[in-house]
Amino acid sequence: MQSKRLKNVCHSVWGAFFFVWIVLLSGLSHGQPTTECRLSAAQLAALPQARVERVSDGDTVVFANGDKVRLLGVNTPERSGRYNPIEEPLAAEAKESVEQWLAASASQVYYRTSANPRDRYQRLLAALYDRSGNSLAAHLIGQGLGWQITFVADDWAAECLANAERTAREQRRGVWAGGLYPPLKVSAIAQGGFARIIGTVTQLDFQQNNGTLSGRAQLIVDGKLTVQLSQAVAEQFAVDDLVSLDQRRVELRGWLSRRGKDWQLRLTSRYNLLRLD
């Protein structure tokens, strides 16, 4: 195994302003790519059902059995609360949109849980579908009431959600309306939480074995922000794809945290990275 450290190396331009997307796994089977967010009747029949008791916010609901459910595939603006004293723009609209979507389905949903069913807060992680097989995450993203966010273990719906976001972005709906939620520069980071970051990859650290990525990887953006890639996420990239990011402007999305004086972002899937040049 050899270790490769790349810094200040220029590469030819091979794309302009596009998401780093690959073919996703679909439905209830890992192995069938899809660009559709609507499940078939057969796919719905294989899923468990639940009744939603109440809506906490745009990406969190509570089942009648008491389970608090965090939606997969989408992050919506935050409502005011204990950890967020100021309500973010469109938070109320996202919550209302979920309530309307549920009302049309008599609050009955089908759900597909994450490969890791619960988060550290013991919320159930799941994708929700109405009685016609329509995805709630796609509904929110398509209206511009949230951002796509993907985790490597649950990227089976990423392609269809990417299509929904692309349309909302092109039509400047909701969060994509002019100036409402501009991406954040690394130099402007002042607090943790979800963010879209724009900057230049100034350093790459990764390992490869016979031309294949192995182990974790790390990107440094604008010399200040450390972007961590787990082994599973790093292995989503071909070596040449990762190398091509060096000295390129990128957009990243995820949750920021601070370690000492340094800011970090954990990239949870390659779909959360957009190369801009």
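Higher on the page you've got the structure.
Residues numbered from 1 in each chain as written. Predicted model: local features only at pLDDT ≥ 70, side-chain atom pairs only at ≥ 80, totals over all residues. Heavy atoms only, no water.

1. A few points about the sheet that holds strand β10 (residues 124-129)
Pairing between the strands of a sheet is mediated by backbone hydrogen bonds and can be parallel or antiparallel.
Phase 1: One closed barrel holds the five strands; their spatial order is β5-β6-β7-β10-β9, and the pairing between them is mixed. Taken pair by pair, the neighbouring strands of this sheet meet at an average axis angle of 50°, ignoring direction.
Phase 2: The pairing of strand β9 (residues 108-118) with β10 spans five bridges and is antiparallel. In the strand pairing of β10, Tyr110 is matched with Tyr129. (Pairing = 2+ DSSP bridges. Helix = DSSP H or I, 4+ residues; strand = E, 2+ residues; numbered from the N terminus. Axes fitted to C-alpha atoms, helices over the stretch in contact; angles between N-to-C directions.)

2. Some details on the environment of Cys160
Phase 1: Along the chain, Cys160 falls in helix α4 (residues 158-170).
Phase 2: Residue classification places Cys160 among the buried positions, given a relative accessible area of 6%.
Phase 3: Spatially, the C-alpha atom of Cys160 lies 7.6 Å from that of Ala138, the residues being 22 residues apart in sequence. (Buried < 20%, exposed > 50% of the residue type's maximum accessible area, 1.4 Å probe, protein only.)

3. Section: the pattern of salt bridges
Phase 1: Tallying each qualifying case throughout the model produces 10 salt bridges.
Phase 2: The salt bridge involving Glu99 is made with Lys95; its shortest N-O contact spans 2.6 Å. Taken together, the residues Glu99 and Lys95, both in helix α2 (residues 91-103) and four residues apart, mark about one turn of the helix.
Phase 3: Judged by relative accessible area, Glu99 falls into the partly exposed class, the value being 34%.
Phase 4: By relative accessible area, which is 17% here, Lys95 ends up buried.
Phase 5: Measuring nitrogen to oxygen at the nearest pair gives 2.7 Å for the salt bridge that ties Arg123 to Asp119. Assigned by exposure class, Arg123 and Asp119 land together as buried.
Phase 6: Counted as one network, the salt bridges with shared partners bring together Glu165, Arg169, Arg196, Glu251 and Arg253. (Salt bridge = Lys/Arg side-chain N within 4 Å of Asp/Glu carboxyl O.)

4. Focus on the packing of aromatic side chains
Aromatic rings in a pair are described by how distant their centres are and how their planes are angled relative to each other.
Phase 1: For the coordinates displayed, the defined rule picks out five aromatic pairs.
Phase 2: Centroid distance Phe63 to Tyr111: 5.2 Å. Interplanar angle 50°. Geometry classified as tilted. With a gap of 48 residues between them, Phe63 in strand β6 (residues 60-63) and Tyr111 in strand β9 connect regions that are remote in the sequence. Pair check on accessibility: Phe63 and Tyr111 agree, each one buried. (Phe/Tyr/Trp six-rings, centres within 6.5 Å; stacked < 30°, edge-to-face > 60°.)

5. Looking at the state of the cysteines
Phase 1: Inspection of the entire model under this criterion finds one disulfide.
Phase 2: Across a sulfur-sulfur distance of 2.2 Å, Cys37 and Cys160 are joined as a disulfide pair. The sign of the S-S torsion, about 105°, decides the handedness of the disulfide formed by Cys37 and Cys160: right-handed. Of this pair, Cys37 sits in the loop between β4 (29-33) and α1 (41-45) while Cys160 is found in helix α4, placing the two residues 123 residues apart along the sequence.
Phase 3: Given the relative accessible area of 15%, Cys37 is considered buried. (Disulfide = S-S within 2.5 Å.)

So, to be careful, I would describe these as geometric facts and stop short of saying anything about function.
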